[in-house]
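Report on the structure
Here is how the chains run, residue by residue.
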Amino acid sequence: MTDAPGAVLELQQLRLRYPGSPVWTLDGLDLRLEPGERLALVGPSGCGKSTVARAALQLLPQGSQCEGGLRLNGRDPRRLAIPDLRALRGESVGLVFQDPMTRLNPLMTVGGHLLDTLRAHRPEMNAQSRRERAEELLEQVGIGAGRFNAYPHEFSGGMRQRLAIALAIVLSPPLVIADEPTTSLDVAVAGQVMAALRDLCDDLGSALLLITHDLAMACRWCDRMAVVDGGQVAEVNRSDVVLTYPSSRVGQRLLAAARAREGGTTPEAPPAAMVLDVQELRCWHNLGGPPWAPNWLKAVDGVSFQLKAGETLGVVGGSGCGKSTLCRALMGLTPIRGGQVELFERNLLLARGREARALRRSIQMVFQDPLACLNPAMTVADAIADPLLIHGLASRASARERARELLEKVGLGPAERFQNRLPRQLSGGQQQRVAIARSLALNPKVLICDESVSMLDAEIQAEVLALLRQLQQELGLAMIFVTHDLSVASGFCHRLIVLDRGHIVESGPGDQLLTTPKTEITRTLVDACPRLPV
């Protein structure tokens, strides 16, 4: 392989196979990234996007095979001794993870994280210089030097991601790799985080490799786009060209799925009976203070709505608006301080004993991260059957039979192929289908979907949304669909409510909110929502 002058990352016919795998995850991949360039790496689930980053940094399981040309800032990391490789990782490339809490030490202060990195890589700096550099970075990423002694758990998701960006650029690397950095953030915060990342890379002259499943976001923040499929780059071009005239079949597929997700019109709600009636719901958290004057956080403060069978209500809003608290309150997972919740005209808050358990079974939840909510040691069939056994509604044999039926219903058939697999042996889309199957085990009438497609690529998102719509029609499910993506909500939900500081500030059909938002927070969410080029 000939050295390419100036390239911060160059891969030529790179092949990579994980231990025990019969196939090559990367199979002849070519990629080149110039200084200061912003390149988005997109593709369907399992195409090898994240493996590109792991290969470049040699963050691979022992026994992996990695062949072909690989240069990171002019050096081949495979040929370096461990101390040199660690130095290269910190000084030549900064990595921003999808979930910053996987990188942050909960026992270390925000400033301590930065000081620790500077001590390891800049031993020549004195303590005062390191402190000044750390405070400067906190200011640059919008955290502020005043939060130097705060801990990660005291930060919101967006603020933790800003800290992750500060850690990635602390050594001014020529390359920053951001792997799905905004998946768990609402659109407004995601836009702020990406703007901060772009501006800092521009100031440093660093190249940015953005790994994402969100085509609209990739186009908004990156000049070029590379589409990966089957471990190879299927096409690479200017982002607007790829998303207007894709030349590869996989590019055309991804674009079609993204446009279908984004361009849907608000469906009409069928006439049906009332299932859920929420009136003036209040969830206040006591943050301390004297008993006569407590400091209340009014996470949900007077929220009212109704939900009919077969109807989907979208709940949108910025971080901290009360979306998740509302979900937890309806599930009985957080205390309710006031208001009324009626399920089938029975007061859910006053129900006790057997009646309460029966009513609670009628409301089930699909979470954002299916892998986190599935027991890693429990097979798929056992995970689905478990709720039936916990509630004493079936024998072990009949519960397993019900699990197989549900696997077929959510599109994982024949059930014999999947029932004995562990969650980690499934793709992200398959894991979410299992989570949906488990939520249906108790025959609920209301399904709460909390960011249930935000971690999936456009094609898998479309499949899961179609599955939810099909199940809704077959079972008459009422759904509460919580999301930060207005474009998804507008095409999937019959109605939307916009939350801000625990209040409903706007409601109506999704397409109406997208085109003529009435409140400032809705306009902010609409403006921040990345859209595909026309």
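Residues numbered from 1 in each chain as written. Predicted model: local features only at pLDDT ≥ 70, side-chain atom pairs only at ≥ 80, totals over all residues. Heavy atoms only, no water.

1. Some points on the overall build of the chain
Our working rule: Every helix listed is a DSSP run of H or I at least four residues long, and every strand listed is a run of E at least two residues long, numbered separately from the N terminus. Computation of the radius of gyration draws on C-alpha atoms alone. For the globule rule, the value is 2.2 Å times the number of residues to the power 0.38. Residue burial is assigned from relative accessible area. The probe radius is 1.4 Å, only protein chains are included, and a residue is buried under 20% of its type maximum, exposed over 50%, and partly exposed in between. The criterion used for residue contact is that any of the two residues' heavy atoms lie within 4.5 Å. All accessible-area figures derive from a Shrake-Rupley calculation using a 1.4 Å probe, and residue coverage is judged against the displayed protein chains alone.
A count of helical and extended segments in the chain gives 20 helices and 19 strands. Taking 24 Å as the expected radius of gyration for a compact globule of 534 residues, we find that the chain reaches 24 Å, a close match to that expectation. Looking at the chain residue by residue over its 534 residues, the buried ones come to 53%. Of the contacts formed within the chain by residues at least 6 apart in sequence, a portion of 68% connects residues at least 24 apart. Working note: accessible area of the chain is about 22900 Å², and carbon and sulfur atoms make up 49% of it.

2. Examining the packing of aromatic side chains
Here the distance between the centres and the angle between the planes together describe a pair of aromatic rings. The criterion, for reference: Two rings from Phe, Tyr or Trp (for Trp, the six-membered ring) form a pair when their centres sit within 6.5 Å of each other. Planes less than 30 degrees apart are called stacked, planes more than 60 degrees apart edge-to-face, and all others tilted. As a reminder, the over-ring test applies to NZ of lysine and CZ of arginine, requiring each to be within 6 Å of the ring centre and within 35 degrees of the ring normal.
Evaluated as defined, the whole model comprises two aromatic pairs. Taken together, a centroid distance of 5.9 Å and an interplanar angle of 55° make the contact between W284 and W296 tilted. Linking W284 in strand β10 (residues 274-286) with W296 in strand β11 (residues 296-308), this pair joins segments that are 12 residues apart in sequence. Taking the relative accessible area as the measure of exposure, W296 reaches 26% and is therefore partly exposed. Arranged with centres 4.8 Å apart and planes meeting at 55°, the rings of F481 and F492 form a pair that is tilted. Highlighted residues: F481 in strand β17 (residues 478-482) and F492 in helix α18 (residues 486-492), separated in sequence by 11 residues. With relative accessibility at 5%, the residue F492 sits in the buried group. Against the face of W24 rests R17, its NZ or CZ located 4.4 Å from the ring centre.

3. Some remarks on the side chain of E180
What counts is decided by this rule: His is not counted, nor are the chain ends, whereas Lys and Arg count as positive and Asp and Glu as negative. A pairing counts as a salt bridge when a side-chain nitrogen of Lys or Arg comes within 4 Å of a carboxyl oxygen of Asp or Glu.
With respect to the helices and strands, E180 occurs in the loop between β6 (175-179) and α6 (187-204). This buried residue, E180, is left without a salt bridge; K49 holds the nearest opposite charge, at 5.0 Å. Each residue touching E180, except ones within four places of it in the same chain, is listed here: K49, Q98, I211, T212 and H213.

4. With respect to the nonpolar core
Where we set the bar: Definition of nonpolar core: a set of buried residues of the types Ala, Val, Leu, Ile, Met, Phe, Trp, Tyr and Cys, connected through side-chain atoms within 4.5 Å.
In terms of nonpolar packing, the biggest core is built from 55 residues, with L114 and L197 touching the most fellow members. Examining the composition of this core, we find that eight residues originate from one element, α6, more than from any other. In contact with L114, not counting residues within four places along its chain, are A134, L137, L138, A166, L167 and V170. Of all hydrophobic cores here, the second largest spans 54 residues; its members include A383, A415, L447 and A528.

5. Here's the deal with the side chain of H113
Here is the rule: Two N or O atoms form a polar contact when they lie within 3.5 Å of each other; inside protein one atom must be a possible hydrogen donor and the other a possible acceptor, and for residues adjacent in sequence the pair counts only when both atoms belong to side chains.
Topologically, H113 is positioned in helix α3 (residues 110-121). Its relative accessible area of 7% is what places H113 among the buried residues. Only 2.8 Å separates the side chain of H113 from the backbone nitrogen of N105, close enough to count as a polar contact.

6. Comments concerning helix α17 (residues 458-475)
We apply this condition: Expected span of a helix: the number of residues minus one, times 1.5 Å.
When the terminal C-alpha atoms of α17 are compared, their 25 Å separation across 18 residues agrees well with the 26 Å that a helix rising 1.5 Å per residue should span. Of the residues making up α17, those classed as buried are A458, E459, I460, Q461, V464, L465, L467, L468, R469, L471 and Q472. G476 occupies a position one or two residues after α17 and carries a positive phi of about 70°.

7. Let's talk about the packing of α3 against helix α5 (residues 157-169)
Selection criterion: Only the stretch in contact is used when fitting a helix axis, every axis being a line fitted to C-alpha atoms; angles between N-to-C directions are given from 0 to 180 degrees. Orientation categories follow fixed angle ranges, with anything under 35 degrees roughly parallel, anything over 145 roughly antiparallel, 65 to 115 roughly perpendicular, and all other angles oblique. Take the far helix as your reference; a near helix turned counterclockwise from it by less than a right angle gives a left-handed crossing, and one turned clockwise gives a right-handed crossing. The classification used treats Ala, Val, Leu, Ile, Met, Phe, Trp, Tyr, Cys and Pro as nonpolar, Asp, Glu, Lys and Arg as charged, and all other residues, Gly among them, as polar.
Contact geometry of α3 with α5 gives a least axis separation of 10 Å together with a crossing angle of 15°. With respect to α5, the axis of α3 lies roughly parallel. When you trace α3 past α5, the crossing you get is right-handed. Taken together, the residues of α5 that come into contact with α3 (itself represented by V110, H113, L114 and T117) are L163, A166 and L167. Residue composition of the contact of α3 with α5, by class: five nonpolar, two polar and no charged.

8. Some remarks on the pattern of salt bridges
If you walk through the whole model with that rule in mind, you get 24 salt bridges. The residue R122 makes a salt bridge to E91 at a minimum N-O spacing of 3.7 Å. Residue R122 is located in the loop between α3 and α4 (127-140), and its partner E91 is located in helix α2 (residues 82-92); the two are separated by 31 residues in the primary sequence. E91 sits in the partly exposed class, given a relative accessible area of 32%. The residue R131 makes a salt bridge to E135 at a minimum N-O spacing of 2.8 Å. One end of the pair, R131, and the other, E135, are both in helix α4, four residues apart, so they sit about a helical turn from each other. For R131, a relative accessible area of 30% puts it in the partly exposed group. A relative accessible area of 25% means that E135 is categorised as partly exposed. Salt bridges sharing common partners tie together R71, D76, R78 and R79.

9. Notes on the sheet that holds strand β16 (residues 446-450)
Heads up, the condition is: Pairing between two strands is assigned when DSSP locates at least 2 bridges connecting them.
What the six strands build is an open sheet, ordered β15-β16-β17-β12-β18-β19; its pairing is mixed. Both outer strands of the open sheet, β15 (363-366) and β19 (503-508), are each paired with one neighbouring strand and no more. For this sheet, the mean inter-axis angle between neighbouring strands, taken without regard to orientation, is 20°. Of the strands in this sheet, β12 (312-317), β16 and β17 touch α17, which is tilted by about 155° from β17.

10. Examining helix α10 (residues 323-331)
Burial analysis of α10 places seven of its nine residues in the buried class, which makes it a mostly covered element. Looking at α10, one finds that the buried residues are K323, T325, L326, C327, A329, L330 and M331. Once α10 ends, the next one or two residues include G332, with phi positive near 80°.

11. Quick notes on the sheet that holds strand β7 (residues 207-211)
Pairing in this open sheet of six strands is mixed, and the strands run β5-β6-β7-β3-β8-β9 from one edge to the other. This sheet does not close on itself; its edge strands, each paired only once, are β5 (93-96) and β9 (232-238). Strand-to-strand twist in this sheet, taken as the mean axis angle between neighbours without regard to direction, amounts to 20°. Pairing geometry for strand β3 (residues 38-42) and strand β8 (residues 224-229), over four bridges, is parallel. Each residue of the ladder has a partner; that of V42, found in β8, is V227. The strands touched by α2 are β5 and β6; relative to β5, the strand with the most contacts, the crossing angle is about 70°. Across the sheet, α5 is in contact with β5 and β6; its angle to β5 comes to roughly 170°.

12. Some points on the state of the cysteines
Our working rule: Two cysteine sulfur atoms form a disulfide, by the criterion used here, when they sit within 2.5 Å.
The full count for this structure, using the stated rule, is zero disulfides. Of all cysteine sulfurs, the one in C219 lies closest to C222, which takes part in no disulfide; the gap is 9.3 Å. Residue C222 is classed as buried on the basis of its relative accessible area, which comes to 4%. With no disulfide of its own, C321 lies 9.8 Å from the sulfur of C327, the closest cysteine sulfur.

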